[in-house]
Amino acid sequence: MANLASNFIGIKSPNPFWLASAPPTDKAYNVVRAFKDGWGGVVWKTLGTDPPVVNVSGPRYGAIHSNDRRLIGLNNIELITDRPLEINLREIKEVKRDWPDRALVVSLMVPCEEQYWKDILAKVEETECDGVELNFGCPHGMSERGMGASVGQVPEYVEMVTRWCKQHSRMPVIVKLTPNISDIRQPARAAKRGGADAVSLINTISSIIGVDIDTFSPLPSIDGKGSHGGYCGPAVKPIALNMTAEIARDAETRGLPISGIGGVTTWRDAVEFMALGAGNVQVCTAAMTYGFRIVQEMITGLSEYMDSHGFTSVDEITGRAVGNVTDWQYLNLNYVAKAKIDQDLCIKCGRCHIACEDTSHQAITSMVDGIRHFEVIDAECVGCNLCVNVCPVQDCITMEEMVAGTDPRTGFPVTGEYANWTTHKNNPMAKPAVVAEPAE
Amino acid sequence: MATRAPDIAAGRLSPEQYAVNFSDIHPPLSRHEALVEADRCYFCYDAPCVKACPTTIDIPLFIRQILTDNPIGSAETILSQNILGGMCARVCPTETLCEEACVREAAEGKPVKIGLLQRYATDTLMDEVGEQPFERAAPTGKRVAVVGGGPAGLAAAHRLAMHGHDVVIYDARQKAGGLNEYGIAAYKAPDDFAQDEVEFVLSIGGITVEHGKALGRDVQLGDLRGAYDAVFLGMGLAGVNALALEDEALPGVADAVGYIADLRQAEDLGALPVGGRVVVIGGGMTAVDVAVQSKRLGAREVTMVYRRGAEKMGASLYEQELAATSGVVIRTHAKPLRLVVEDGRVVGIVFEETAEQDGRLVGTGATFELPADMVFKAIGQILVPAALNGSAETIGLDGGKIRVDAERRTTLSGVWAGGDCAATGEDLTVAAVADGRIAAESIHRALSAG
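Remember, predicted model here, so these are calculated numbers, not experimental data. For every chain, the first residue of its written sequence is number 1, and the numbers climb from 1 along that sequence. By the order in which they are written, chains take letters starting at A while ligands take numbers starting at 1. In view of the model being predicted, local features appear only for residues whose pLDDT reaches at least 70, and side-chain atom pairs are presented and counted only at 80 or more, with totals across whole chains, interfaces and linings using the full set of residues. Hydrogens and water are ignored here; the side-chain numbers use all heavy atoms of the structure.

### A look at the overall build of chain A
In plain terms, the rule: Only DSSP runs of H or I covering at least 4 residues are called helices, and only runs of E covering at least 2 are called strands; the numbering of each starts at the N terminus. Note on method: radius of gyration uses C-alpha positions; expected globular size equals 2.2 Å times residues raised to 0.38. Burial here depends on accessible area, computed with a 1.4 Å probe over protein chains only, as a share of the maximum for the residue type. Under 20% is buried, over 50% is exposed, and the range in between is partly exposed. Only heavy atoms enter the contact rule, under which two residues are in contact if any of them lie within 4.5 Å. Computed with the Shrake-Rupley method and a 1.4 Å probe, the accessible areas treat only the protein chains shown as cover for residues. Asp and Glu count as negative and Lys and Arg as positive, but His and the ends of the chain are not part of the count. Note that the charge is assigned to NZ on lysines, CZ on arginines, CG on aspartates and CD on glutamates.
Along the backbone of chain A there are 12 helices and 20 strands. Against the 2.2 N^0.38 benchmark of 22 Å for 440 residues, chain A shows a C-alpha radius of gyration of 25 Å, consistent with a compact globule. The principal-axis extents of the C-alpha atoms in chain A amount to approximately 75 × 55 × 45 Å. A buried classification covers 50% of the 440 residues belonging to chain A. Looking at chain A alone, contacts between residues at least 24 apart form 69% of all its contacts between residues at least 6 apart. For chain A, the accessible area works out to roughly 20400 Å², and carbon and sulfur atoms hold 52% of it. Charge separation in chain A, taken as the distance between the mean sites of 40 positive and 53 negative side-chain charges, equals 4 Å.

Written out as structure tokens, the structure reads:
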């Protein structure tokens, strides 16, 4: 069993798996259950000013399912905590006292006036929690009132509120970013300028999860009407991974600690976020789908992975893939790969063929000598990977790198020499000499 | 040897037990089960299951339609190729057809449950819409006679009616449906499904059924050729093969086809007598059907005896397993030698063990006797060519069945044939439906050209 202990901006937890600020962390009852099941930490559901907000009394969630109804994406129109501030503060203090080894961070969202932040920070500090997370991400409901994502979308506000919080509190400050913005680096840079100890991302993505095609109400439907919600779950992971990497490799924010959020469902997802720069991860939808016990799979999976790779600390994973994230223009255009179909594993469904034939490069046979047979035609294969992606059998189709010889498609020799678009003869902006990828 | 009184009795079981024994052998899928199962289909390119289906139903499409919660559209996809898709979903040996070809059989030994999905779609349409979903073309004024109201005849009649022709079906029995009504094992199509489906097919209109009209007895082929623009022969096989043993006509020996027909028509299964010890001779579907149903009627011991090895049986592996799990003993490599007769009735049967030498079946000389209260012959059915008399010309035969070409045209002009009476391939409901549809399209082309 590897040592999974995590130290994220000085906040210690027995493992890097935290529950994100969301319905699962709204009450002591839930949080204690989570800690009993092994979660390393929680970010308590966002506190606001009294009187508390009021939620709808109809459906708050909508979902995208696979055809066998596995939940792939979830959206919600729930607001911040709808419980009185004092009750939350009292429970936070009790839970932190009873579970001192777990991380307990408190999410906050109050109007954009310094006094509000000063007041609530003072109250939260008394709970002896480990830190605060500023909710600049919530895209629905609260944003209409000038909070949440409407702050996170304006870098100047992000910087300003972050600065207030650092000024009026000794606690570590994590700034939670909204993905509902065109360049995630802008609010991240602003948070850093404001003195943030870390950023966490992504919050949910503005979304309409579906439409009832009989009543024509958007979903979830409240008395025949719908409002956009925040989208999360496995479906948003690729978006979150990219934004994590963008911040991790940006010259201005490089080194700024990141708490990775967005569709983390298994230990593998967690490792991917950490490899792209996250120091820990936060989870919500997976817990809301399967219950808190899933953390046990995450813990054992991460432990096995670290042991098999000889990692002795979770920090050794953080950032390992960041150096391999680059701009398209620096990709090696001399790298040649061809798909290869393992005939022993092939079940002859023909999906690779029809995908390639109809929509790509006509590079996979369907019939050879009158027999149903699927084989890659190297002279046509551009190595696009579509066949690998549509094949239903694990490892049946693989991409094999050509290391020598001539690419039968282009007729060019495979030299193994790196060359990218910046020097390509077809590039009107090509530079005269070979320019290597800049060192990261 | 003391005289053995035959043990033949009705009412061996309680009414509840009959109900259980003859209830649906494959309960239908619920909506949830159908959606989960439909998700397993890979929507293959040029799908092997379609190639394995005699009626070439677009299986990936109909399953995808189920997946998108469009079971009515799914049923229309099925029925456009096979108007008896409901029955075929129940009786097709899918394990040797579409499901054997399913790529998930290759992948993990568990094919998509195509038969049950087909049933889900067709049942939904029949329950929710009730009528068949196709519209008749404008009347052509052409008239076609269809001989036999079984799967081949119904499929042909429906397709011809769709094309605007008027059809008269001549059926020898009191009910249409053929083997669907009189032959299929009861637990494969309970709740009078065969008659529901006949009504469903006929609901297109333009089809008249003349009941109790047998070819050669009540109607003559020559007359039909004169009176109609085209004739389709789909009357099945009226004769059964004989054992060619002495005393075969004595009480205690029955043909399986007749017994199954009685069973299918029985109002009260408890009133149907069955032997305590039953011996079935044969290795095909009919043999399994009569053996399993005898067991389910309460027979104590049922033994199926087949002259060759299990791998040569006409019954699929699945059917053999069904027999075994129903408590039927299957003995292979034994052929009937003589019947044991006492007091004018058959009380047992002596078999000689067989072996295959250079592909030939030979007796080994070793014998054994099975006591039997009832012996069922299930060694195949045959065409009775005399029924085709009445024509000035004789119709061409091929291996004892009516010779047809790829379009199901016989050697007589204006006469098509399909189903079990035609020499086309396997004697399966689905193959008969394919014949009927193919013949109807050929007839339509011929009538349109003329």
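Structure shown, so let's carry the discussion forward.
### A word on the interface of chain A and chain B
Rule in force here: A simple way to read buried area is as the amount of 1.4 Å-probe accessible surface that goes missing from two parts once joined, with both sides added. By salt bridge we mean one thing: a side-chain nitrogen of Lys or Arg within 4 Å of a carboxyl oxygen of Asp or Glu. Any pair of nitrogen or oxygen atoms within 3.5 Å is treated as a polar contact; in protein, a donor-acceptor pairing is required on top of that, and neighbouring residues in sequence qualify only through side-chain atoms on both sides.
Contacts between the two partners involve 13 residues from chain A, matched on the other side by 13 residues from chain B. Here chain A packs against chain B, burying approximately 1100 Å² in sum over the two surfaces, 62% of which is carbon and sulfur. Counting the contacts that link chain A with chain B gives 0 salt bridges. Joining chain A to chain B, the criterion identifies 4 residue pairs in polar contact (both at pLDDT 80 or more).

### Comments concerning the domain arrangement of chain B
Residue and element names in this part refer to chain B. What counts here: Those domain boundaries reflect an automatic or database domain assignment. The classification used treats Ala, Val, Leu, Ile, Met, Phe, Trp, Tyr, Cys and Pro as nonpolar, Asp, Glu, Lys and Arg as charged, and all other residues, Gly among them, as polar.
The domain boundaries assigned to chain B delineate domain 1 (31-128), domain 2 (143-238 + 383-449) and domain 3 (241-379). Distance between the C-alpha centres of domain 1 and domain 2: 26 Å. Each partner contributes residues to the interface: domain 1 has 21 residues there, and domain 2 has 22 residues. Each partner contributes to the roughly 1800 Å² buried at the junction of domain 1 and domain 2, and carbon and sulfur atoms together form 76% of this total. Area buried by domain 1 at its contact with domain 2 is led by Ile83, Leu84 and Met87, which between them contribute 36% of it. Across the contact surface, domain 1 and domain 2 share 0 salt bridges. Summed over the shared surface of domain 1 and domain 2, the result is 5 residue pairs in polar contact (both at pLDDT 80 or more). For the side of domain 1 that touches domain 2, the secondary-structure elements that each account for two or more residues are helix H5 (71-81), helix H6 (85-91) and helix H9 (114-128). If you tally residues by element for the side of domain 1 that touches domain 2, the top one is H6, at 6 residues. Here the residues of the side of domain 1 that touches domain 2 are counted per class, giving 12 nonpolar, 7 polar and 2 charged.

### Comments concerning the layout of surface pockets
All names here are of chain A. So the rule is basically this: A 1.4 Å probe that fits but cannot get out identifies a cavity on a 1 Å grid over protein atoms alone, an open set with protein on both sides within 12 Å along at least five of seven lines counts as a pocket, and a residue lines either if it has an atom within 4 Å of a point. Grid points are joined across faces, edges and corners, and a volume is the space filled by probe spheres set on the points.
As a volume, the second largest pocket reaches approximately 650 Å³. Looking at the second largest pocket, it is lined by 23 residues, and the ones nearest its centre are Leu333, Asn334, Val336, Thr410 and Phe412. The residue inventory of the lining of the second largest pocket, partitioned by class, reads 11 nonpolar, 7 polar and 5 charged.

### Describing the sheet that holds strand S14 (residues 360-371) of chain B
Residues and elements named next belong to chain B. The condition is simple: DSSP calls a pair of strands paired once it identifies at least 2 bridges connecting them. Angles shown run from 0 to 180 degrees and are taken between the N-to-C directions of axes, each axis being a line fitted to C-alpha atoms and, for helices, limited to the stretch in contact.
The antiparallel open sheet is built from 3 strands, whose spatial order is S12-S13-S14. Since the sheet does not close on itself, it has two edges, and those belong to strand S12 (334-342) and S14, each with one partner. The mean inter-strand angle of the sheet, taken between neighbouring strand axes irrespective of direction, is 25°. Bridging between S12 and strand S13 (residues 345-357) involves 8 bridges; their strand directions are antiparallel. Each residue of the ladder has a partner; that of Leu339, found in S13, is Ile349.

### Some thoughts on the packing of aromatic side chains
All names here are of chain A. Basically, it comes down to this: Here is the rule: rings of Phe, Tyr and Trp (six-membered ring for Trp) pair when centre to centre is within 6.5 Å. Planes less than 30 degrees apart are stacked, more than 60 are edge-to-face, and the remainder are tilted.
In the structure shown here, the tally under the stated rule is 8 aromatic pairs over all chains. Summarising the aromatic geometry, the rings of Trp267 and Tyr305 are spaced 5.6 Å apart at their centres and angled 40° between planes, so their arrangement reads as tilted. Placement of Trp267 in helix H8 (residues 267-275) and of Tyr305 in helix H10 (residues 294-309) is noted, with a sequence separation of 38 residues between them. Like Trp267, the residue Tyr305 is buried in the burial classification.

### Topic: the nonpolar core
Heads up, the condition is: Only buried residues count toward a nonpolar core. Its members are Ala, Val, Leu, Ile, Met, Phe, Trp, Tyr and Cys residues joined through side-chain atoms within 4.5 Å.
Of all hydrophobic cores here, the largest spans 83 residues; its most connected members are A:Trp39, A:Leu47, A:Val124, A:Val175 and A:Leu302. A per-element tally of this core places H10(A) first, with 7 residues. Sequence-distant contacts of A:Leu302, that is, excluding residues within four places in its chain, are made with A:Leu4, A:Pro16, A:Phe17, A:Trp267, A:Val271, A:Val314 and A:Ile317. Judged by nonpolar contacts, the second largest core, of 73 residues, contains B:Cys49, B:Ile83, B:Ala155 and B:Ala189.

### Some details on the sheet that holds strand S16 (residues 278-283) of chain A
Residue and element names in this part refer to chain A. If you walk around this closed barrel you meet the 8 strands as S3-S4-S7-S8-S9-S10-S15-S16, and the pairing is parallel. The sheet shows a mean angle of 25° between the axes of neighbouring strands, taken without regard to direction. With 5 bridges connecting them, strand S4 (residues 41-47) and strand S7 (residues 103-108) associate as parallel partners. Counterpart to Val43 in the pairing with S7 is Val105. The strands touched by helix H5 (residues 155-168) within the sheet are strand S8 (131-135) and strand S9 (173-176), with S9 carrying the most contacts at an inclination of about 160°.

### Description of the domain arrangement of chain A
You can read the domains of chain A as domain 1 (6-324) and domain 2 (328-423). One C-alpha centre belongs to domain 1 of chain A, the other to domain 2 of chain A; they are set 40 Å apart.

### A word on empty space enclosed by the protein
Residues and elements named next belong to chain A. Scanning the entire structure with this criterion turns up 7 cavities of 30 Å³ or more. Of the pockets and cavities examined, the largest cavity occupies roughly 430 Å³. Elements with a minimum of two residues in the lining of the largest cavity: S4, strand S6 (71-76), strand S14 (229-232), S16 and helix H9 (285-290). Examining the composition of the lining of the largest cavity, we find that 3 residues originate from one element, H9, more than from any other. Its residues placed into classes, the lining of the largest cavity shows 19 nonpolar, 13 polar and 3 charged.

### Considerations on the packing of helix H15 (residues 285-296) of chain B against helix H16 (residues 317-325) of chain B
Residue and element names in this part refer to chain B. Where we set the bar: Any angle from 65 to 115 degrees is called roughly perpendicular, while one under 35 is roughly parallel, one over 145 is roughly antiparallel, and all others are oblique. Crossing handedness is defined as follows: a turn of the near helix away from the far one that is anticlockwise and smaller than a right angle gives a left-handed crossing, while the clockwise case is right-handed.
Two elements in contact, H15 and H16, have axes whose closest approach is 9 Å; the angle formed by their N-to-C orientations is 20°. Classified by the angle their axes make, H15 and H16 are roughly parallel. When the axes of H15 and H16 are compared, the crossing they make is left-handed. Taken together, the residues of H16 that come into contact with H15 (itself represented by Met285, Val288, Asp289, Val292 and Arg296) are Glu319, Leu322 and Ala323.

### Observations concerning the pairing of S9(A)
Residue and element names in this part refer to chain A. Here is the rule: Here, the term right-handed applies to a crossover whose path from the first strand over the helix to the second runs clockwise when the strands point away from the viewer.
Burial along S9 is two-sided: the face carrying Val173 and Val175 and the face carrying Ile174 and Lys176 are both buried. Of the strand pairs in this sheet, S8 and S9 are connected by 4 bridges, and their pairing is parallel. Opposite Val132, over in S9, you have Val173 as the bridge partner. In terms of strand pairing, S9 meets strand S10 (residues 198-201) through 3 bridges, oriented parallel. Bridge assignment links Ile174 to a residue of S10, and that residue is Ala198. With respect to chirality, the unit in which S9 leads through helix H6 (residues 185-193) into the neighbouring parallel S10 is right-handed.

### Thoughts on the pattern of salt bridges
Residues and elements named next belong to chain B. Inspection of the entire model under this criterion finds 44 salt bridges over all chains. Salt-bridge contacts for Asp166 lead to Arg136; the nearest nitrogen and oxygen are separated by 3.6 Å. Pair noted here: Asp166 is in strand S3 (residues 166-171) and Arg136 is in the loop between H9 and strand S2 (143-147), with a separation of 30 residues, a long-range link. On the accessibility criterion, Asp166 (33% relative accessible area) is partly exposed. Judged by relative accessible area, Arg136 falls into the partly exposed class, the value being 28%. For Glu407, the salt bridge goes to Arg409, with nearest N and O atoms at 3.5 Å. Through salt bridges with shared partners, a single ionic network connects Asp24, Arg90, Arg119 and Asp123.

### With respect to H5(A)
Residues and elements named next belong to chain A. To be explicit about the condition: One less than the number of residues in a helix, times 1.5 Å, gives the span that helix is expected to have.
Over its 14 residues, H5 runs 20 Å from end to end, which matches the ideal 20 Å to within 8%, given 1.5 Å per residue. Along H5, the residues that are buried comprise Pro155, Val158, Glu159, Val161, Thr162, Trp164 and Cys165. The inward-facing, buried residues of H5 abut helix H3 (114-125), S8, helix H4 (149-152), S9 and H6.

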